Amino acid sequence: MPVLNGRELRIVGFLCNWCSYGGADTAGVARFDQPTDLRVIRVPCSGRIDPLFIAKAFMNGADGVLVSGCHPRDCHYAEGNYYARRRLEVFKQFISVLGIEPERFEYTWVSASEGQRWQEVVTKFTNQVHTLGPLAPIPEVALSQLAQTTGTDIREEA
Amino acid sequence: MLDKLKESIKAALPELDFVMGWGMGYDPLHATPLYMYEPEDVDNLVWGPLNVHNLAVHLPSLKGKKVGIVVKGCDSRSVVELLQEGLINREDVVIFGAPCNGIVDMSKIRKAVPDAHFVHSVETDDNGLTITTDKDTHKLSLAEVMADKCTRCRFPNAVVADHFVGEKREPTVENDAYEDLESFESQGFEERRDFWMTEMDRCIRCYACRNACPLCVCRDHCVAQSRNPHWVSQRDGVRDKFMFQIIHAMHMAGRCTECGECERACPMDIPVLLLKRKLGTVIHDLFDYDSGLDAEARPPLLAFKLEEESIKEKDW
Ligand code: SF4
Ligand code: SF4
Ligand code: SF4
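Residues numbered from 1 in each chain as written. Chains lettered and ligands numbered in written order. Predicted model: local features only at pLDDT ≥ 70, side-chain atom pairs only at ≥ 80, totals over all residues. Heavy atoms only, no water.

1. Observations concerning the side chain of arginine 255 of chain B
Residues and elements named next belong to chain B.
Move 1: Tracing the sequence through the fold places arginine 255 in the loop between helix H9 (238–251) and helix H10 (261–265).
Move 2: Residue class for arginine 255 comes out buried when judged on its relative accessible area of 16%.
Move 3: Those residues in contact with arginine 255 that lie beyond four places of it in its chain are Glu81, Glu85, Leu215, Val217 and Ser291. (Helix = DSSP H or I, 4+ residues; strand = E, 2+ residues; numbered from the N terminus. Buried < 20%, exposed > 50% of the residue type's maximum accessible area, 1.4 Å probe, protein only. Contact = heavy atoms within 4.5 Å.)

2. A closer look at the state of the cysteines
Residue and element names in this part refer to chain A.
Move 1: Overall, the coordinates contain one disulfide over all chains when judged by the stated rule.
Move 2: Each sulfur of the disulfide joining cysteine 19 and cysteine 70 lies 2.3 Å from the other. The disulfide joining cysteine 19 to cysteine 70 has a torsion of about 95° about its S-S bond and is therefore right-handed. In this pair, cysteine 19 is assigned in the loop between strand S1 (11–16) and helix H1 (20–29) and cysteine 70 in the loop between strand S3 (64–69) and helix H3 (80–94), connecting sequence segments 51 residues apart. An identical accessibility class is assigned to cysteine 19 and cysteine 70; each is buried. (Disulfide = S-S within 2.5 Å.)

3. Section: the site of ligand 1
Move 1: Contacts to ligand 1 come from Lys72, Gly73, Cys74, Cys100, Gly102, Ile103, Lys149, Cys150, Cys153, Phe155 and Pro156 of chain B.
Move 2: When its residues are assigned to classes, the shell around ligand 1 shows seven nonpolar, two polar and two charged. (Near = heavy atom within 4 Å. Nonpolar A, V, L, I, M, F, W, Y, C, P; charged D, E, K, R; others polar.)

4. Quick notes on the packing of aromatic side chains
Centre-to-centre distance and the angle between the planes together describe a pair of aromatic rings.
Move 1: Counted under the stated rule, the structure contains 16 aromatic pairs over all chains.
Move 2: When the centroid spacing of 6.0 Å and the interplanar angle of 20° are considered together, the rings of phenylalanine 53 of chain A and tryptophan 231 of chain B count as stacked. Taken together, the positions of phenylalanine 53 of chain A in helix H2 (residues 51–59) and tryptophan 231 of chain B in the loop between helix H8 (208–211) and H9 put the pair across two chains.
Move 3: Among the residues examined, tryptophan 231 of chain B registers a relative accessible area of 12% and is labelled buried.
Move 4: Measuring from ring centre to ring centre gives 5.2 Å for phenylalanine 184 of chain B and phenylalanine 195 of chain B, while their planes differ by 65°; the resulting arrangement is edge-to-face. Remark: phenylalanine 195 of chain B occurs in helix H7 (residues 189–202) and phenylalanine 184 of chain B occurs in helix H6 (residues 179–185); sequence separation between them is eleven residues.
Move 5: For phenylalanine 184 of chain B, a relative accessible area of 7% corresponds to the buried category.
Move 6: The ring of tyrosine 21 of chain A carries the charged tip of arginine 42 of chain A above its face, separated from the ring centre by 4.3 Å.
Move 7: Directly above the aromatic system of tyrosine 207 of chain B lies the positively charged group of arginine 210 of chain B, at a separation of 4.4 Å from the ring centroid. (Phe/Tyr/Trp six-rings, centres within 6.5 Å; stacked < 30°, edge-to-face > 60°. Lys NZ or Arg CZ within 6 Å of the ring centre and 35° of its normal.)

So this is what it looks like as structure tokens:
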């Protein structure tokens, strides 16, 4: 990470096994140019994604999270992505109250044959997260301890 | 009205294991849950602005027993939600309702009455309360010490009841404008984040917010304590505490009735209800759904439409 400091951000991608992971693979096989910030986690279905996976990624230092599944009507398990769509939309709107910009999280649909679309999604999303910059880390320790190590105390500002 | 309520409880008692309501607690300012087994227990029942607890929290663990419960409007929505989720059986629960004029927020009382530690007596009427302590007598209007939720109450009368006594009251408001949320979100993202950082820093991780929640029914199986999956560690840092609040909120999405017990129970006065209110308004706007009103309704996150008119997906 330090080597890439300032140039790369941490973006986590949750991709479904059947469509989007294949789409990302298609983009790779075709050698499409893509930003390298994204770290992919393969899941069986977008319906498997508990919105708390995304929350946990943000807590642990992700600057952006992308979820991609099969297009509606194309889900390998018929309806996983329909349930996912509702949950993910609710979560996207929810995070603004936490102080996390909703633009740091997107969900979309990319099929296994859409290498081009995958390239476009990754590029645009990465740019979108770069526009926002890094997300201030959520301290792993108590603020008093943080103040001791960094010399800044957000409790005083608040 | 209290007499009528007592009468109807006494009449139903022979058929029931017991009835839950409120009695006087350790001092005249604090009510406490009251379990009425015998007719003479019913005489200890109180009704008024000190009945702050949502007794529905006890119902799931009593499943299988025949119990009665006295509810305020907001409590009744928790009962409906528990019915909808099959956590209790309708035929095992007898619901007693009465019109509610609002309850107090003890934190506001503590601020208004600094000498509230030694309370000799409390007189309550429809519009206020008079608190006599060992030092002074304080006359407070209900409006100034009322719980925030009551200032935006849409359902002061039980939404479901087998026995309703008294005259139904007009709701305080027709629609909740979510002004608290709007004013919070008028701040920038960084300010909001810093706000939660400082609030979560104060959290002592007592889980009172979870334990008081009538819909947090996992109890000993809560992921906050599980090692596998290991969602949160035992560290006392901000991150794990914040993560837990997000877990609580998300596990309540589409279920939480905004009864406010989580926030009321918090000994650190952390405004955790705000997170759930955010989800409440998002779900209301997206799916035109309010939890705890219809036990037969299908919760929005357990359903879908092929075309979601209200969801605007990103155009890439
Ligand atoms: S929210 Fe309504 S029903 Fe609940 S305590 Fe307040 S006034 Fe009573
Ligand atoms: S999360 Fe809070 S407001 Fe919602 S049901 Fe539970 S205790 Fe009530
Ligand atoms: S009740 Fe308050 S202090 Fe206790 S865990 Fe919940 S938020 Fe933290």
